[in-house]
Each structure stands twice: as C-alpha cells, then as structure tokens.
Amino acid sequence: MRPTAEEIERLLVGTPAHHTRGEVAAEAGVSQELAERIWRALGFATLADDAVAFSDADVVALRRVRKMLDSGLLDEPTVIRMARALGQTTARLAQWQAEIMVGAMLPPDVQPSDADLARILETSQQLLPDFEHVLIHVWRAQLAAAGTRLLTIADINDDLVPSRVSLAVGFADLVSFTRRSRELSERQLAELVEGFESRAADVVAVHGARLVKTLGDEVLFTAPTPAQAARIALDLVKTGELRIGMAYGPVLPVMGDVFGTTVNLAARLTAIARPGTIVVDADLAEGLAGDGFELHRIRRRPARGLGVVQPYVLRQSAP
C-alpha cells in the first residue's frame, strides 16, 4: 500500500499532529503573528485556522524561540532571519537526500511501485537516528569553520564582522554546457552536473576555502587570500573542461552569499576566459606577486558595466 502523507510525517517526525496554529502558539506562549512569521520563514505554507497540523514537537520548538527572545540574546528580526536561513538550507538538504535515497534504492528510469515507496520510507526511518546525529555534528563543525574564517578575515580587515570584506572570488564554469546538455540524457546530464559540483567542492574544501553556491554549470567560491584562490583554480582546471575567472577586492556578505563589484568582475572575467584557462584581475595578480605563480598580462578589454579592465592569465609555474 502506498504510504500516506500522514504516515510519512508520523514515521519521520515522530509525534502526531493534534494542534491548530492558534493552539500551538498559545501552548508555546508566543503570539500567533510571530508563530506564523516563523513558519513562513521556515518555508511552510500558512494553513487554515482549523487545520490540525502541529505537534507537541512544534510547541517545544516555539518555546525555545520564546526562551531566546526572553533572554534578550536575540530580537525578533534576528530570529526570523535565522529561521529563514534554517528553512532554506534544510529544505534543499532534505530534497537532495530524498533524491539520493530514491536513486540508490530504485533502478534508473523505473516508475516506483507502492511497495518500493514503502521500502524507501522504512529504510529512511531506520537510518534517521544516525543521519540526525551526523547532521548535528557536521553543523557544529561547519559553525566552527565559519568562525575560523571570520577570524581570518578579521586579521586581514581589522574588523571581526565587517559589512564589507576583501576576499578572492572565483567562478568556475563548465565549457559548452548548453551544447553538451542537448546531447545527453536527463540522467547523464544529472551525473555530469553532480560530478562537477562534487569535484569542485572537494578542491575548495582541501584548500580551506568556501564553496558559496552552485549554479548548475558554474560554481562560485571565495578564499581569504589570492594565493589560496590561485591554488584552487589551478587544481580545478585539472579536473575537467573548465574556464575560471577570479578577482580580489571588497565584497558584501549577505545571507550566505557574496555581492559587489568584485563578484561581478570575477563573472565578467570568466566570460572572457578560454577553455582550460584562468583569468584574474589586476588586484589578484598583484596579490600573487612573489608567490611563485606564473602570470601573463593580456590586452585590456571592456567588461560590461565595469569599464575597461586589465586581465591576466594565471598558469602553473614551471617546476
């Protein structure tokens, strides 16, 4: 028999729903308006007043939010921003993990039967405690890594949490992705994209930098120093048919992403890079002076919205 939505929620969440949205807010001691803002920020739909959709676990979660607010450690706007970060991140994580489980347990291109779905759900329930433990551990480790990066940035910028920081920003782009996507099946295309993103993530992590986001055929990464970024780019071009553009300068970190002229310049340099090459701006090239990297100045050219720029091609130095 095909699992129902109620069965999935009971097996994975653990506690049955028996509160309306008004009741869950009252039980937790928060206003219904705040509770609804938190649910929306977490990515959940607004339900009818009489819909019984909340569990005792939701009450406990809201009570923890109230405790943080009562302590004065966080204000309401910060709580909402935290909730939005949590909701968006975990929604993508859950979708990604669900797709991995389905792909691992079912043969490709086969419509799953009700029995298949029940088997996947049962396996997920068995794995859930271990996944949950690993998730908390990795989150804490990533939080520590983020703190370390902030300290590194503070050493460079003389400000612990600056509104604008100087970072090396790089885009790595799969060459001829549009053409290749027309030639591949959907499964082959998915394998190409996942393989590219996995290799890029591994290289960036090895060098202690940060993969900011993936955009299908492109990844965006940042590094505290030009030398780190250069080593990442040189390793990345060995992994496949890529072109890379990088720039160094002030960026604005917002919602886990980065914005600003430096980011735009890195994107423009990627567009002019040839397959298998790395193009960097003058500031990043200057930051690599004396570090043993091979840089070749090429002709100046216009970058849309940024005027005329002086690019350099970065290559592996001769042994």
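Our structure's up above, just so we're on the same page.
What counts as what
Residues numbered from 1 in each chain as written. Predicted model: local features only at pLDDT ≥ 70, side-chain atom pairs only at ≥ 80, totals over all residues. Heavy atoms only, no water. Helix = DSSP H or I, 4+ residues; strand = E, 2+ residues; numbered from the N terminus. Expected span 1.5 Å × (residues − 1). Buried < 20%, exposed > 50% of the residue type's maximum accessible area, 1.4 Å probe, protein only. Arc of directions from axis to C-beta. Contact = heavy atoms within 4.5 Å. Polar contact = N/O pair within 3.5 Å; in protein donor to acceptor, adjacent residues only side chain to side chain. Patch = residues over 30% accessible without salt bridge, like charges linked within 9 Å, V, L, I, M, F, W, Y side chains within 5 Å. Areas by Shrake-Rupley, 256 points an atom, 1.4 Å probe, with all protein chains shown as cover. Salt bridge = Lys/Arg side-chain N within 4 Å of Asp/Glu carboxyl O. Pairing = 2+ DSSP bridges.

> Quick one: what's the story with helix H10 (residues 261-272), residue by residue and with numbers?
With 12 residues, H10 extends 17 Å from end C-alpha to end C-alpha; this agrees with the ideal 16 Å at 1.5 Å per step. All buried positions along H10 are accounted for by Thr262, Val263, Leu265, Ala266, Leu269 and Thr270. Along the long axis of H10, the arc covered by the buried residues comes to 160°, so they all point the same way.

> Before we move on, can you summarise the environment of aspartate 58 with the specific residues and values?
By secondary structure assignment, the location of aspartate 58 is in helix H4 (residues 56-71). What makes aspartate 58 partly exposed here is its relative accessible area of 21%. In the structure, aspartate 58 is positioned 43 residues away from threonine 15 in sequence and 9.3 Å away in space, judged by C-alpha atoms. Discounting residues that sit within four places of it in the chain, aspartate 58 has contacts with Val24, Trp39 and Ala53. Side-chain polar atoms of aspartate 58 contact the backbone nitrogen of serine 55, separated by 2.9 Å.

> Tell me about the side chain of histidine 19, residues and numbers included.
Mapped onto the elements of the fold, histidine 19 is located in strand E1 (residues 17-19). Overall, histidine 19 belongs to the buried group, its relative accessible area being 9%. At 3.4 Å, the side chain of histidine 19 and the side chain of histidine 18 are in polar contact. Among the polar contacts made by the side chain of histidine 19, one reaches the side chain of aspartate 56 at a distance of 2.9 Å.

> Tell me about a nonpolar patch on the surface, and please be specific about residues and values.
A cluster of nonpolar side chains, Ile8, Leu12 and Val13, forms an exposed patch at the surface whose accessible area comes to about 230 Å². In this structure, valine 13 sits in helix H1 (residues 5-13).

> Mind laying out unusual backbone geometry, listing which residues take part and the relevant values?
Positive phi outside glycine occurs at methionine 255, with the angle close to 55°. Its location among the elements puts methionine 255 in the loop between strand E6 (242-254) and strand E7 (257-259).

> I'd like a rundown of the pairing of strand E4 (residues 210-214), residues and numbers included.
Here E4 runs beside strand E5 (residues 218-223); their pairing, made up of 4 bridges, is antiparallel. For leucine 211, the partnering residue across the bridge sits in E5 and is phenylalanine 221. Here E4 hands over to E5 after 3 residues, with glycine 216 in that stretch at a positive phi of 75°.

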